[in-house]
Amino acid sequence: MDWNFISEYVPMYIQAAWTTLSLAFWGILLSLFIGLFCSLTLYFKVPVLKRVTAAYVELSRNTPLLVQLFFLYFGLPKIGIVISSQSCAIIGLAFLGGSYMSEALRSGLESVEKGQVEAALSVGLNQGQIVRYVILPQAVSVSVPPLCANIIFLIKETSVFSVVALADLMYVAKDLIGLYYKTDEALLLLVLSYLAILLPISIAASVLERRVRYAGFGN
Amino acid sequence: MSKTDYLLEIKNLEKSFEGGTKVLKDFSFSVQTGEVVVILGPSGCGKSTLLRCINGLEPIQAGTILLDGQSITDGKTKWSQIRQKIGMVFQSYDLFPHMTVFENILLGPLKVQGRTREEAGIAGEKLLERVGLLEKKDAYPRQLSGGQKQRVAIVRALMMEPEIMLFDEVTAALDPEMVREVLDVILELARGGMTMLIVTHEMQFARAIADRILFLDEGQIVESAAPEDFFGHPETERAQRFLNIFQFEK
Ligand SMILES: Nc1ncnc2c1ncn2[C@@H]1O[C@H](COP(=O)(O)OP(=O)(O)OP(=O)(O)O)[C@@H](O)[C@H]1O
Ligand SMILES: [Mg+2]
């Protein structure tokens, strides 16, 4: 093991980790919004929209992120749409994540009892208020475990970002291996970097899951 | 009697579910201000459906419902406004589990009526006091007994200052020892002059609280009578049969 090499390239990995994290952050945030929108259209069975959403969910869940990125990065320019690597990564992740977030939220929405809506209607709340004050708070707390699992899943999926020429962790590791043949060192740093990102998030997720479970309001 | 003496008027109401048979058939009746009407009838005869139609939770196929002489079924109905005048309490309480008792009862006044937290809070504490639950103000529904939950649900409806209250078998899910505490709250409302439509299987209670009994069968009114008359000498054979279910002899 070449420790000098390792210490020399740690800053590069840190840099790449930031790239990975910030792209993941925006992609996941966007996927949460897409998921929320989709889950609500499915839950309220909005005419037309619910079909579009259902088709999107199938498309998104049944194509690999790698293929989605290829399409965005190499396919779209052929019809004159050129998107930066960063945007491709974020859009790709959001496209993939949206359907997973939608399913996670939908399971939460469906766990809210029908009587809740009627009770809320009976005190005069309108649809929007019912979603905001009654349905969503209950649905989200039920959805916390699958939402957390999705976040971790999506961060792991970022490892294919290098195909659109982004200097993320995978890219740096492959680069170093190609240049210097320091395979062991490069891979060790790669594993440690992903652990450094994912472990704290995993721990935070399980703490959060335990908290919502204890707060579990059921009967 | 002039038209406006009736708080609630139902005229020729028809209600059926998709593909199903008619649940309410040419249904008409009126409730005066301050009147307590108890609705009795065998399971499936349409009692819950009737209350749900009045509150707009079920669409109707024909007929009119007037509240304060104003139609609430002419398609222009602003249900959010109408429902503030109609308090409804369900068998299953349906308190909001993620909110404390106090938040449960303040949600409507704050978000729908735009009242201030101070004013509505004072009103809420008064009502909780009246039903003996002031000390449970900051509890969550899961920390309450069934009877306590149902009393909170009644307060939640009363907070909107409704003109009429609808009760749908509000004690049916309760353990026997908790039934009384809920019925007492409703009795007190009756003494206070609240107009009420009550669906119940508690015959003693029905007899004590009702100004009028409405006996339904298969979506129609079979008898409409004062409680003494209905329980003393029911006119129809169907009502007699229904009342016999509640008689025990050794
Ligand atoms: N959502 C629905 N879809 C189809 N049919 C329904 C629906 N709700 C009620 N019904 C039918 O309408 C009829 C009247 O039901 P309703 O619940 O009003 O009866 P009920 O008098 O309240 O009975 P119970 O004493 O059992 O509560 C029943 O035959 C029932 O099966
Ligand atoms: Mg019923």
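As the structure is a computational prediction, the values presented were derived from the model and not from experiment.

### Concerning the nonpolar core
Residue and element names in this part refer to chain B. Membership of the largest hydrophobic core comes to 53 residues, with the highest contact counts inside it found for L40, I154, F167, I186 and M196. Examining the composition of this core, we find that eight residues originate from one element, helix 6 (residues 176–191), more than from any other. Listed in part, the 51 residues of the second largest apolar core include L7, L13, C53 and I65.

### Digging into the pattern of salt bridges
For side chains of opposite charge, pairing can occur when their charged atoms come near one another. Residue and element names in this part refer to chain B. A complete count under the given rule lists 18 salt bridges over all chains for this structure. Of the charged contacts in the structure, one is a salt bridge between E181 and R151, with a shortest N-O distance of 2.8 Å. With E181 in helix 6 and R151 in helix 5 (residues 146–158), this pair connects stretches of sequence that are 30 residues apart. The class for E181 is partly exposed, based on a relative accessible area of 25%.

### Points about the site of ligand 1
Residues and elements named next belong to chain B. Taken together, F17, V23, S43, G44, C45, G46, K47, S48, T49, E169 and H201 are the residues near ligand 1. Between ligand 1 and the protein, one listed contact pairs an oxygen atom with a side-chain N or O atom of S43 at 2.6 Å. A distance of 2.5 Å separates an oxygen atom of ligand 1 from a polar atom in the side chain of T49. Considered on its own, ligand 1 offers 640 Å² of accessible surface; in the complex 55% of this is hidden by protein. If one sorts the elements of the shell around ligand 1 by residue count, helix 1 (residues 47–54) sits on top with three residues.

### What about the pairing of strand 9 (residues 212–217) of chain B?
All names here are of chain B. For strand 9, a buried count of six out of six residues is recorded, marking the element as mostly surrounded by other parts of the structure. The alternating pattern of strand 9 places R212, L214 and L216 on one face and I213, F215 and D217 on the opposite face, and all of these are buried. Relative to strand 10 (residues 220–225), strand 9 runs antiparallel, the two sharing five bridges. Bridge pairing links L214 to S224 in strand 10. The antiparallel hairpin formed by strand 9 and strand 10 contains two residues in its connecting segment, where E218 sits at a positive phi of about 45 degrees.

### Brief notes about the confidence of the model for chain B
In this model, chain B carries an average pLDDT of 93, and 98% of its residues clear a pLDDT of 70 or more. If you check the scores for this complex, the pTM reads 0.86 and the ipTM reads 0.91.

### Considering the interface of chain B and chain A
In this complex, chain B contributes 22 residues to the contact, which on the side of chain A involves 21 residues. With both chains or domains summed, chain B and chain A bury close to 1900 Å², and 60% of this area falls on carbon and sulfur atoms. Looking only at chain B, the three residues that lose the most surface to chain A are H98(B), K111(B) and R142(B), adding up to 28% of its buried area. For the pair chain B and chain A, the number of links is one salt bridge. In this structure, the salt-bridge partner of R52(B) is E118(A), at a minimum N-O distance of 2.6 Å. For the interface between chain B and chain A, the tally reads seven residue pairs in polar contact (both at pLDDT 80 or more). Mapped onto the side of chain B that touches chain A, the elements with two or more residues apiece are helix 2 (79–85), strand 6 (86–89), helix 3 (101–112) and helix 5 of chain B. If you tally residues by element for the side of chain B that touches chain A, the top one is helix 3 of chain B, at four residues.

### A few points about the sheet that holds strand 8 (residues 195–199) of chain B
Residue and element names in this part refer to chain B. The six strands lie next to each other as 6-7-8-3-9-10, forming an open sheet whose pairing is mixed. Looking at which strands have only one partner, the edges of the open sheet turn out to be strand 6 and strand 10. For this sheet, the mean angle separating the axes of adjacent strands, direction not counted, is 20 degrees. Pairing of strand 7 (residues 164–168) with strand 8, which is carried by five bridges, proceeds in the parallel orientation.

### Considerations on the packing of aromatic side chains
Residue and element names in this part refer to chain B. Within this structure, the stated rule accounts for 14 aromatic pairs over all chains. Residues F215 and F242 carry aromatic rings whose centres are separated by 5.1 Å and whose planes lie at 50 degrees to one another, so their mutual orientation is tilted. Here F215 is found in strand 9, whereas its partner F242 is found in helix 9 (residues 237–244), with 27 residues between them in sequence. For F215, a relative accessible area of 1% corresponds to the buried category. Seen in terms of ring centroids, F242 and F246 are 5.3 Å apart; in terms of plane orientation they differ by 65 degrees. Their pairing is edge-to-face.

About the criteria used
Per chain, residue numbering runs from 1 following the sequence as it is written. Numbering of ligands from 1 and lettering of chains from A proceed in the order in which they are written. Reporting of local features is limited, given that this is a predicted model, to residues whose pLDDT is at least 70; pairs of side-chain atoms are given and counted only at 80 or more, and all residues count toward the totals for whole chains, interfaces and linings. Hydrogens and waters are ignored; side-chain quantities use all the structure's heavy atoms. Within this scheme, the nonpolar core is defined by two criteria: the residues are buried Ala, Val, Leu, Ile, Met, Phe, Trp, Tyr or Cys, and they are joined through side-chain atoms within 4.5 Å. The buried label applies to any residue whose accessible area, calculated with a 1.4 Å probe on protein chains only, is under 20% of its type's maximum; exposed applies above 50%, and partly exposed to all values in between. Segments assigned H or I by DSSP are reported as helices when at least four residues long, segments assigned E as strands when at least two residues long, and all are numbered from the N terminus. Counted as salt bridges are all cases of a side-chain nitrogen of Lys or Arg within 4 Å of a carboxyl oxygen of Asp or Glu. The rule for a residue being near a molecule or strand is that one of its heavy atoms must lie within 4 Å of it. Here a polar contact is recorded for every N or O atom pair within 3.5 Å, except that within protein the pair must consist of a potential hydrogen donor and a potential acceptor, and residues adjacent in sequence are included only if both atoms are side-chain atoms. Reported accessibility uses the Shrake-Rupley method at a 1.4 Å probe radius. Residues are deemed covered only where the shown protein chains occlude them. Criterion used throughout: strands pair if DSSP finds at least two bridges between them. For every residue, the predictor states its confidence as a pLDDT score lying anywhere from 0 to 100. Residue contacts are defined here by distance: any two heavy atoms, one from each residue, within 4.5 Å place the two residues in contact. By buried area we mean the combined loss of accessible area, with a 1.4 Å probe, across both parts when two parts are placed together. Lines fitted to C-alpha atoms define the axes, with helix axes restricted to the stretch in contact, and inter-axis angles between N-to-C directions lie between 0 and 180 degrees. Under the pairing criterion, centres of Phe, Tyr and Trp rings, with the six-membered ring standing for Trp, must be within 6.5 Å; the plane angle then separates stacked pairs below 30 degrees from edge-to-face pairs above 60, leaving the rest tilted.

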